[in-house]
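Examination of the molecular architecture
Chain residues, written in single-letter form:
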Amino acid sequence: MALDADTLKQLLDTIDKFVENRLRPLESQVGAEDLIPDDVIQDMREMGLFGLTIPEAYGGLGLNMSEEVAVARVFGHTSPAFRSIFGTNVGIGSQALIIDGTEAQKQQYLPGMATGEIIGSFCLTEPEAGSDAASVRLTAKKAGDDYLLNGTKRYITNAPKAQLLTVFARTNANETGSRGVSAFLVDAKSPGISMGQPYRKMGQQGTYVCDVMFDDVRVSAADLVGGKEDVGFRTAMKVLDKGRLHISALSVGIAERLIRDSVKYASERKQFGKPIFEFQMIQSMLARSQTEMYAARCMVEDVARRRDAGENVAALAAACKLFATEMVGRVADNAVQIHGGAGYVEDYGIERFYRDVRLFRIYEGTSEIQQTVIAKDLLKQLG
Ligand code: COS
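Rules used in this analysis
- Residues numbered from 1 in each chain as written.
- Predicted model: local features only at pLDDT ≥ 70, side-chain atom pairs only at ≥ 80, totals over all residues.
- Heavy atoms only, no water.
- UniProt positions renumbered as here; feature names shortened; annotations may be inferred.
- Helix = DSSP H or I, 4+ residues; strand = E, 2+ residues; numbered from the N terminus.
- Rg over C-alpha atoms; globule rule 2.2 N^0.38 Å.
- Buried < 20%, exposed > 50% of the residue type's maximum accessible area, 1.4 Å probe, protein only.
- Contact = heavy atoms within 4.5 Å.
- Areas by Shrake-Rupley, 256 points an atom, 1.4 Å probe, with all protein chains shown as cover.
- Lys, Arg positive; Asp, Glu negative; His and termini not counted.
- Charge placed at Lys NZ, Arg CZ, Asp CG, Glu CD.
- Salt bridge = Lys/Arg side-chain N within 4 Å of Asp/Glu carboxyl O.
- Disulfide = S-S within 2.5 Å.
- Near = heavy atom within 4 Å.
- Polar contact = N/O pair within 3.5 Å; in protein donor to acceptor, adjacent residues only side chain to side chain.
- Nonpolar A, V, L, I, M, F, W, Y, C, P; charged D, E, K, R; others polar.
- Domains from an automatic or database assignment.
- Core = buried A, V, L, I, M, F, W, Y, C linked by side-chain atoms within 4.5 Å.
- Expected span 1.5 Å × (residues − 1).
- Phe/Tyr/Trp six-rings, centres within 6.5 Å; stacked < 30°, edge-to-face > 60°.
- Lys NZ or Arg CZ within 6 Å of the ring centre and 35° of its normal.

Per an unreviewed UniProt entry, the protein goes by the name Acyl-CoA dehydrogenase family protein and belongs to SAR86 cluster bacterium. Among the UniProt annotations of the protein, the heading Sequence similarities (unreviewed entry) holds the following wording: "Belongs to the acyl-CoA dehydrogenase family." The record held by UniProt for the protein lists under Pathway (unreviewed entry) the comment "Amino-acid degradation; L-valine degradation."

In structure tokens form, the structure reads like this:
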């Protein structure tokens, strides 16, 4: 549902203050310790951040897409690790259930997800199924009224913290492609599940990612998303359409932060007897960054509005993600360049953002996959 303008403004102001006063001072610590402090997570719970997009009927705020991207943009003003801890509940960890779950499934899990008591993870990627997401090999074989899950999921965000896993598994062994895949809601503590060691990553320290292994994990038929077999791939794609818009908005927010930091630095740093901001080559980098950020922001807001109006935005969401995530990569590169040596050392945090944003061009679909989605759509529309 859409909030009235005053309530939305109040929400955004509260989040802005939280980001500026509570989270920004912790960025360096989180980067060094690879850990979000528990009291910060508790504050997030109390602010209702875990339930931002969960419908009000289940205890969430029920933000629509336009409101969600506005919040994601503000969260882009700090390290993305902070957003990640509640990000799966807002996005890929809850949306399969929200979009395609049965009423009973929603009632069982969504209230706990809205408070942050339950953290959700989206288990699609496998060692042999990355960009080719339809080639899922993890099997779900019927065993009486239940299913037995066997296989491995890879690079699963928030899995080390999760209570609920949305697992995409092959229920139809005769189908090798997207049609034989189903989605299951699986308790992360189920016997037979083991978690790998958390990955050590290039950036985004403070986010938790590991592999999840399934060895004869028994799942009830009641936990098959929507009660329907073989439609899980479409569910995954619908979830990712939304997630791609969210990541695009986050990219816009980070670009805003980096531009702001760069303008400040360029105004204070003097070389050749004047602030480096006065050099046109510095101005050029900033002007280009600002222009590209603004273009991405317009795209994100437009596509969010269209999605709220009920349009199929799969190809537009892909276009947004392609442009916005590549944009923030260029903006981060410019920020390092403007800061010079100060951009390369840890003290200013610029190098950390440079590493953090690199992931945006990879997860929830690589830049190459976004182009595939856009080109396929062009062929369908115009071919
Ligand atoms: N919404 C609803 N349905 C969709 C859809 C969408 N956005 N995209 C595809 N589908 C449906 C198609 O309509 C098709 O349905 P039918 O079988 O009924 O015709 C089915 O899903 C298969 O679609 P398609 O043929 O396009 O599948 P492909 O195997 O060619 O794969 C790509 C499509 C490559 C786009 C997909 O595998 C993908 O997005 N890969 C990246 C995965 C990813 O983002 N991973 C990140 C991991 S999560 S952090």
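Turning next to the overall build of the protein. When helices and strands are tallied, the protein shows 13 helices and nine strands. Taking 383 residues into account, the globule formula puts the C-alpha radius of gyration at 21 Å, and the protein, at 21 Å, falls close to it. Summarising its shape, the C-alpha atoms of the protein cover approximately 80 × 55 × 40 Å along the three principal directions. Residue burial in the protein is summarised as follows: out of 383 residues, 52% are buried. Across the protein, contacts joining residues at least 24 apart in sequence account for 75% of those joining residues at least 6 apart. Roughly 17,200 Å² of accessible area belongs to the protein as shown, and the carbon and sulfur atoms make up 52% of that amount. Of the side chains in the protein, 44 bear a positive and 50 a negative charge, and the two mean positions are spaced by 4 Å.

Counting across every chain of the model gives 24 salt bridges. The partner of glutamate 268 in a salt bridge is lysine 264, with the nearest N and O atoms 3.4 Å apart. Of this pair, glutamate 268 and lysine 264 both sit in helix 8 (residues 232–268), separated by four residues, roughly a single helical turn. Overall, glutamate 268 belongs to the exposed group, its relative accessible area being 51%. Each of the salt bridges in this network shares a partner with another, and the network as a whole consists of Glu20, Arg24, Glu27, Arg257, Arg260, Asp261, Glu346 and Arg352.

On to the state of the cysteines. Under the defined criterion, the tally for this structure stands at zero disulfides. Here cysteine 123 is not cross-linked by a disulfide; its sulfur's nearest cysteine counterpart is in cysteine 210, at 8.8 Å. When its relative accessible area of 0% is taken as the criterion, cysteine 123 is described as buried.

Of all residues adjacent to the ligand, which total 21 residues, the nearest are Ser131, Asp241, Arg244, Gly365 and Lys376. Arginine 179 places a side-chain nitrogen or oxygen 3.0 Å from an oxygen atom of the ligand. Here the ligand loses 71% of its free accessible area of 1,000 Å² to cover by the protein chains. The set of elements that each furnish at least two residues to the shell around the ligand consists of helix 8 and helix 13 (367–382). Ranked by residues supplied to the shell around the ligand, first place goes to helix 8 with seven residues. Residue composition of the shell around the ligand, by class: nine nonpolar, five polar and seven charged. Taken domain by domain, the shell around the ligand gets at least three of its residues from each of domain 2 (120–230) and domain 3 (234–382).

Feature annotation in UniProt assigns "domain: Acyl-CoA dehydrogenase/oxidase C-terminal" (unreviewed entry) to the following positions: residues 232–378. Helix makes up 78% of residues 232–378 and strand 3%, with an end-to-end C-alpha separation of 25 Å.

Right, let's get into the nonpolar core. Residues Ile254, Leu258, Met327, Val328 and Phe360 are the most contacted members of the largest nonpolar core, which totals 32 residues. Among the elements of the structure, helix 4 (65–75), helix 8, helix 9 (280–308), helix 10 (314–339) and helix 12 (350–356) are those that each provide at least two residues to this core. Two domains each put at least three residues into this core: domain 1 (5–115) and domain 3 (234–382). In this view, phenylalanine 360 contacts Pro80, Gln204, Ile247, Leu250, Ser251, Ile254, Lys321, Thr325 and Val328; residues no more than four positions away in its chain are not counted.

Before going further, it helps to examine helix 9. The end-to-end C-alpha separation of helix 9 is 42 Å, in line with the 42 Å expected for 29 residues at 1.5 Å each. Where helix 9 is concerned, the buried positions are Ile282, Met285, Leu286, Ser289, Met293, Ala296, Val300, Val303 and Ala304. Residue glycine 310 follows helix 9 closely and has a positive phi angle near 95°.

Counted according to the given criterion, the structure contains eight aromatic pairs. The interplanar angle of 65° and the centroid separation of 5.0 Å between the aromatic rings of phenylalanine 122 and phenylalanine 168 together place this pair among those described as edge-to-face. Linking phenylalanine 122 in strand 1 (residues 120–123) with phenylalanine 168 in strand 4 (residues 164–170), this pair joins segments that are 46 residues apart in sequence. The class of phenylalanine 122 is buried, set by a relative accessible area of 8%. A residue is classified by how much of its surface remains accessible, and phenylalanine 168, at 0% relative accessible area, is buried. Ring plane angle 25° and centroid distance 6.0 Å describe the contact between phenylalanine 360 and tyrosine 363, whose orientation is recorded as stacked. In this pair, the class of phenylalanine 360 matches that of tyrosine 363, namely buried. Three or more aromatic residues joined by ring pairs form one cluster here, namely Phe50, Phe75 and Phe86. In this structure, arginine 45 packs its charged tip against the face of phenylalanine 50, placed 5.8 Å from the ring centre. Taking the ring centre of tyrosine 208 as reference, the NZ or CZ of lysine 161 above it sits at 5.2 Å.

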